[in-house]
Amino acid sequence: EAAVTQSPRNKVAVTGGKVTLSCNQTNNHNNMYWYRQDTGHGLRLIHYSYGAGSTEKGDIPDGYKASRPSQENFSLILELATPSQTSVYFCASGVQGNYAEQFFGPGTRLTVL
Amino acid sequence: GDSVTQTEGLVTVTEGLPVKLNCTYQTTYLTIAFFWYVQYLNEAPQVLLKSSTDNKRTEHQGFHATLHKSSSSFHLQKSSAQLSDSALYYCALKGTNAYKVIFGKGTHLHVLP
């Protein structure tokens, strides 16, 4: 069974609308991450969390908020979506330790019109 | 700051021939681990192989990489490319106790018949 799941898998939103992307993990990992993937830029970190109740800014946090209400769930919130936020978004989970890999969800394709 | 450089955005190789994907890095971490992630079309990134030992060859699924701290490199190689190897490959590093993983921008590998 998939250990990191994302919903929705596809989303079309209108400019100025609010979008919430959800991520759930059953790995019991402390750390969770939100990335966006764009051609020519690779994976860029938006927000991350090291436990329930914590959120930290990543490399490109502007225009995004995050919420970690529990160990299992981590949401990415676009309060006022813009066309520049059209992308594929990946959630990942992981543990501390420098040899620890990240486990990615299947991704959400977001289109903002 | 810490960074990972993948110089080629696209590598094209004929099936059966050797392939090498370049990865170099800059880091201030004293203890580091390196990863190669592979992402097949419409799938999530997943770890292909990982290493933290200088000058030790690591192998998985026919691919191999050796961490060379003297040249700050962790190139990915395969002696005989297969059509099924066509994918997007990310090189990444993680420092001891760091929450974040530093990804390169990725290299698309296209294997031709």
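This text goes with the structure placed above it.
As the structure is a prediction and not an experimental result, all values here were calculated from the model.

What follows concerns the pairing of strand 4 (residues 31–38) of chain A. Residue and element names in this part refer to chain A. Of all 8 residues in strand 4, 8 are buried, a share of seventy percent or more. On strand 4, burial covers both faces: Asn31, Tyr33, Tyr35 and Gln37 on one face and Met32, Trp34, Arg36 and Asp38 on the other are all buried. Pairing of strand 4 with strand 9 (residues 87–94), which is carried by 7 bridges, proceeds in the antiparallel orientation. Residue Trp34 lies in a different strand from strand 9, and its bridge partner there is Cys91. Where strand 4 lies against strand 5 (residues 42–49), 7 bridges are found, and the strand directions are antiparallel. Within strand 5, the position partnered with Trp34 by the bridge is His47. Turn length for the strand 4-strand 5 hairpin, with the two strands adjacent in sequence and antiparallel, is 3 residues, and the turn residue Gly40 shows positive phi of about 90 degrees.

This part takes up the layout of surface pockets. When its volume is computed, the largest pocket comes out at roughly 690 Å³. Looking at the lining of the largest pocket, the elements with two or more residues in it are strand 4, strand 9 and strand 11 (108–112) of chain A together with strand 10 (87–95) and strand 12 (107–112) of chain B. Per-class residue counts for the lining of the largest pocket are 10 nonpolar, 16 polar and 5 charged. The space that makes up the second largest pocket amounts to roughly 280 Å³. As for the second largest pocket, its lining consists of 14 residues, and the residues nearest its centre are Leu43, Arg44 and Asp59 of chain A together with Ile102 and Phe103 of chain B. Listing elements by their share of the lining of the second largest pocket, those giving two or more residues are strand 5 of chain A together with strand 1 (3–5) and strand 11 (102–103) of chain B. A breakdown of the residues in the lining of the second largest pocket according to their chemical character gives 7 nonpolar, 3 polar and 4 charged.

This brings us to the nonpolar core. Residues and elements named next belong to chain B. Of all hydrophobic cores here, the largest spans 26 residues; its most connected members are Trp36, Leu48, Leu49, Phe74, Leu76 and Tyr89. Of all the elements in the fold, those that place two or more residues in this core are strand 2 (10–14), strand 3 (19–21), strand 5 (32–39), strand 6 (46–51), strand 8 (63–66), strand 10 and strand 12. Ignoring sequence-local partners within four residues, the contact set of Leu76 consists of Val19, Lys20, Leu21, Trp36, Leu48, Leu49, Phe63, His64, Ala65 and Tyr89.

Attention now goes to unusual backbone geometry. Following Ser7 of chain A, the chain continues into Pro8 of chain A via a peptide bond in cis, with omega recorded as -10 degrees. Its location among the elements puts Pro8 of chain A in the loop between strand 1 (4–7) and strand 2 (10–13). The backbone of Asn28 of chain A shows a phi angle near 60 degrees, a positive value even though the residue is not glycine. The topology assignment puts Asn28 of chain A in the loop between strand 3 (19–25) and strand 4. Classification of Asn28 of chain A by relative accessible area gives exposed; the value is 56%. The backbone of Asn42 of chain B shows a phi angle near 60 degrees, a positive value even though the residue is not glycine. As for its position among the elements, Asn42 of chain B is in the loop between strand 5 and strand 6. The exposure class of Asn42 of chain B is exposed, given its relative accessible area of 64%.

What counts and what doesn't
Residues numbered from 1 in each chain as written. Chains lettered and ligands numbered in written order. Predicted model: local features only at pLDDT ≥ 70, side-chain atom pairs only at ≥ 80, totals over all residues. Heavy atoms only, no water. Buried < 20%, exposed > 50% of the residue type's maximum accessible area, 1.4 Å probe, protein only. Helix = DSSP H or I, 4+ residues; strand = E, 2+ residues; numbered from the N terminus. Pairing = 2+ DSSP bridges. 1 Å grid on protein atoms, 1.4 Å probe; cavity = no way out; pocket = protein on both sides within 12 Å on 5 of 7 lines; lining within 4 Å. Points joined across faces, edges and corners; volume = space filled by probe spheres on them. Nonpolar A, V, L, I, M, F, W, Y, C, P; charged D, E, K, R; others polar. Core = buried A, V, L, I, M, F, W, Y, C linked by side-chain atoms within 4.5 Å. Contact = heavy atoms within 4.5 Å.

None of this, on its own, says anything about what the molecule does.
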